2 protein chains.
Amino acid sequence: MNVRLMHTNEKIAAVFAATLKLIHTNGFHGTPMSKIAQESDVAIGTIYHYFPSKDDLIFALFKHCRSILNDYIFDGIKEDFDYKASFFHVWRNFVQFYLENGRIFSFFEQFFSSPYYEKNKAEIQEPVGGQNKVLDFLQEGIDKKILKQVNVHLLVASYIGVALSTVHSIKFKDLHFSEQNMQELMEIIWDGAVNRNKNN
Amino acid sequence: MNVRLMHTNEKIAAVFAATLKLIHTNGFHGTPMSKIAQESDVAIGTIYHYFPSKDDLIFALFKHCRSILNDYIFDGIKEDFDYKASFFHVWRNFVQFYLENGRIFSFFEQFFSSPYYEKNKAEIQEPVGGQNKVLDFLQEGIDKKILKQVNVHLLVASYIGVALSTVHSIKFKDLHFSEQNMQELMEIIWDGAVNRNKNN
DNA sequence: TGCAACCGAATGAACGTTCGATTGATGCAC
DNA sequence: GTGCATCAATCGAACGTTCATTCGGTTGCA
């Protein structure tokens, strides 16, 4: 059973990898099942053995990628980090993840902007890329009076919004990734989010 | 000729409107030329009379929508506005435009996240939604030492990024549009962007 | 008369999905 | 330990549908 399961996983992993690659380069459009089969070296019949339909495949791939992202962004937070250090660290991880996983970024962008997402939103529960963990983290900052005393979703929109458009800018060469740029961006968000009625 | 041009415009306008509507509800995927023809009451042959291919139609629609956006966001700036007031005003217009034109927002999101955009980026010149006018405006703030002395693209990413994710949050019901929320968001961006070494 | 605007049935390619066949591992009966 | 039944995993040709695009024809203004 162990061997069989591994084998299974290899097939599925190959299908996921091929789908991600094809969607990244050709888009949702230019990614027919036939090409996924070809690219992954898994027969079409086999893909349909695991996924009832193309939509189910895409959906499963989404969940798979999201869990990878979730594992990544809160990784490496040290006990001795104060809130600001964690604020910077998570944001940086978020940007770094997407830069290192351009195919996932591409896939997410397309997934979230398709009506496909809109239709299955109820089932997806968690919003964009680990945002509810982010939401909890930002709520903590509000509760501790470190961040502005506003609706947490305003801060989420700022925190995530700037990260996403930063990755976008880097991807399309308007901006280049450098330590200084990241530092300055984090300061922009921090200065915007921080509670100015209480110095910390 | 005037009449003919008007007639032409009516057909094209109907095609544009139908395409926008279909892409909004069914996505890039579920928008075949046949349905565009049906929805717009323009024969397929006629559409192909004006646009050599479906890609050309999408491309033309994109340029059309972008010019509408550009006209909109810098509208209503009064002579007596100081920089901060303009900063707020433009951002608000930006958000408001997308909220009032949900179909265009949908279309842009899908357009920019498709490899279609990536491939034609060179021809598009102007980046996302009037960003170069925005870029000039933010550069002005840097030059006047009102905004942080950083690469202007960092500020563009913040300014636009927060606006887009705000619209997204409102669209997907995480956030509701209210005067207070908009005010607080603008303050978040302003506090982040402003040059804190020089009080103004 | 010429030409741009307009039409929609027809075409051929491409797509998602199905299905019957094959393989090999597992478990049960004897 | 041998024979047999079962079943998940695998395969890819074939199917029916849907798509972007073409083209031959009509209309009506200049």
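- Naming follows an unreviewed UniProt entry, where chain A appears as TetR family transcriptional regulator of Sphingobacterium detergens.

**Some remarks on the protein's contact with DNA strand D**
- Close to DNA strand D lie 15 residues; A:Gly45, A:His49, A:Tyr50, B:Met33 and B:Lys54 are nearest.
- Backbone atoms, meaning sugar plus phosphate, form 68% of the atoms of DNA strand D positioned within 4 Å of the protein.
- Within the side chain of A:Tyr50, an N or O atom sits 2.5 Å from a phosphate oxygen of DNA strand D.
- Between a phosphate oxygen of DNA strand D and a side-chain N or O atom of B:Tyr48, the distance comes to 2.8 Å.
- Contributing elements (two or more residues each) for the surface near DNA strand D: helix 1 (2-26) and helix 3 (44-50) of chain A together with helix 3 (44-50) of chain B.
- Tallying contributions element by element places helix 3 of chain A first for the surface near DNA strand D, with four residues.
- Taken together, the residues of the surface near DNA strand D break down into seven nonpolar, six polar and two charged.

**What about the protein's contact with DNA strand C?**
- What surrounds DNA strand C is a group of 16 residues, the closest being A:Met33, A:Lys54, B:Gly45, B:His49 and B:Tyr50.
- Taking all atoms of DNA strand C within 4 Å of the protein, the share assigned to sugar and phosphate is 70%.
- Between a phosphate oxygen of DNA strand C and a main-chain N or O atom of A:Met33, the distance comes to 2.7 Å.
- Between DNA strand C and B:His49 there is a distance of 2.6 Å, counted from a phosphate oxygen to a side-chain nitrogen or oxygen.
- For the surface near DNA strand C, the elements supplying multiple residues, two or more each, are helix 3 of chain A together with helix 1 (2-26) and helix 3 of chain B.
- Of the residues that constitute the surface near DNA strand C, the class distribution is eight nonpolar, five polar and three charged.

**Looking at the interface of chain A and chain B**
- The partner chain B presents 43 residues to the 43 residues of chain A that form the contact.
- Here chain A packs against chain B, burying approximately 3700 Å² in sum over the two surfaces, 61% of which is carbon and sulfur.
- Seen at the junction of chain A and chain B, the total is four salt bridges.
- Of the charged contacts in the structure, one is a salt bridge between B:Arg196 and A:Asp191, with a shortest N-O distance of 3.2 Å.

**Observations concerning unusual backbone geometry**
- A positive phi angle, near 65 degrees, is found at A:Lys145, a position not held by glycine.
- In this fold, A:Lys145 is placed in the loop between helix 8 (131-143) and helix 9 (152-171).
- According to the relative accessible area criterion, A:Lys145 is partly exposed, its value standing at 44%.
- Even without a glycine there, the phi angle at B:Lys173 is positive, about 70 degrees.
- For B:Lys173, the position within the fold is in the loop between helix 9 (152-171) and helix 10 (179-193).

**Topic: the nonpolar core**
- The biggest cluster of nonpolar side chains holds 132 residues, and the ones touching the most others in it are A:Phe87, A:Phe107, A:Leu138, B:Phe87, B:Phe107 and B:Leu138.
- For B:Phe107, the contacting residues outside a window of four places in its chain are B:Leu20, B:Ile23, B:Phe28, B:Ile58, B:Leu61, B:Phe62 and B:Cys65.

**Comments concerning the domain arrangement of chain A**
Residues and elements named next belong to chain A.
- Once the domains are mapped, chain A shows domain 1 (1-50) and domain 2 (62-193).
- Each partner contributes residues to the interface: domain 1 has seven residues there, and domain 2 has nine residues.
- At the boundary of domain 1 with domain 2, total buried surface from both sides reaches about 790 Å², with 76% on carbon and sulfur atoms.
- By the criterion of area lost to domain 2, the three top residues of domain 1 are Leu20, His24 and Phe28, representing 65% of everything that side buries.
- Taken together, the links from domain 1 to domain 2 amount to zero salt bridges.
- The interface formed by domain 1 and domain 2 holds two residue pairs in polar contact (both at pLDDT 80 or more) in total.
- Split into classes, the residues belonging to the side of domain 1 that touches domain 2 amount to four nonpolar, two polar and one charged.

**What about the side chain of B:Ser40?**
All names here are of chain B.
- With respect to the helices, strands and loops of the structure, Ser40 is situated in helix 2 (residues 33-40).
- By relative accessible area, which is 9% here, Ser40 ends up buried.
- A polar side-chain atom of Ser40 sits 2.6 Å from the main-chain carbonyl oxygen of Ile36.
- Side-chain polar atoms of Ser40 contact the backbone oxygen of Ala37, separated by 3.4 Å.

**Concerning the UniProt feature "domain: HTH tetR-type" (unreviewed entry) in chain A**
- UniProt's entry tags residues 9-69 of chain A with the feature "domain: HTH tetR-type" (unreviewed entry), counted in the numbering of this structure.
- For residues 9-69 of chain A, the helix share is 80%, the strand share is 0%, and the end-to-end C-alpha distance is 19 Å.

**Looking at the relation of the copies chain A and chain B**
- The transformation that overlays chain A on chain B combines an axial shift of 0.0 Å with a rotation of 180 degrees, and the residual RMSD is 0.1 Å. When the rotation and shift are considered jointly, the pair of chain copies conforms to a two-fold rotation axis. Relative to the rotation axis, the C-alpha of A:Gly192 is the closest in chain A, positioned 1.9 Å from it.
- When the interface residues of chain A are mapped onto chain B, 100% of them are again interface residues, pointing to one common binding face.

**A closer look at the packing of helix 4 (residues 54-73) of chain A against helix 6 (residues 102-113) of chain A**
All names here are of chain A.
- Between helix 4 and helix 6, the shortest axis-to-axis distance is 11 Å and the interhelical angle comes to 125 degrees. By the criterion of interaxial angle, the relationship of helix 4 to helix 6 is oblique. As for the relative orientation of helix 4 and helix 6, their crossing is left-handed in sense. When helix 4 is examined against helix 6, the residues Ile58, Leu61, Phe62, Cys65, Arg66 and Leu69 are found in contact with a partner set consisting of Ile104, Phe107, Phe108, Phe111 and Phe112.
- Here the residues of the contact of helix 4 with helix 6 are counted per class, giving ten nonpolar, no polar and one charged.

What counts, and at which threshold
- Residues numbered from 1 in each chain as written.
- Chains lettered and ligands numbered in written order.
- Predicted model: local features only at pLDDT ≥ 70, side-chain atom pairs only at ≥ 80, totals over all residues.
- Heavy atoms only, no water.
- Near = heavy atom within 4 Å.
- Polar contact = N/O pair within 3.5 Å; in protein donor to acceptor, adjacent residues only side chain to side chain.
- Helix = DSSP H or I, 4+ residues; strand = E, 2+ residues; numbered from the N terminus.
- Nonpolar A, V, L, I, M, F, W, Y, C, P; charged D, E, K, R; others polar.
- Contact = heavy atoms within 4.5 Å.
- Buried area = accessible area lost by both parts, 1.4 Å probe.
- Salt bridge = Lys/Arg side-chain N within 4 Å of Asp/Glu carboxyl O.
- Buried < 20%, exposed > 50% of the residue type's maximum accessible area, 1.4 Å probe, protein only.
- Core = buried A, V, L, I, M, F, W, Y, C linked by side-chain atoms within 4.5 Å.
- Domains from an automatic or database assignment.
- UniProt positions renumbered as here; feature names shortened; annotations may be inferred.
- Least-squares fit on C-alpha atoms with pLDDT ≥ 70 in both.
- Axes fitted to C-alpha atoms, helices over the stretch in contact; angles between N-to-C directions.
- Parallel < 35°, antiparallel > 145°, perpendicular 65-115°, else oblique.
- Left-handed = near helix turned anticlockwise from the far one by under 90°.

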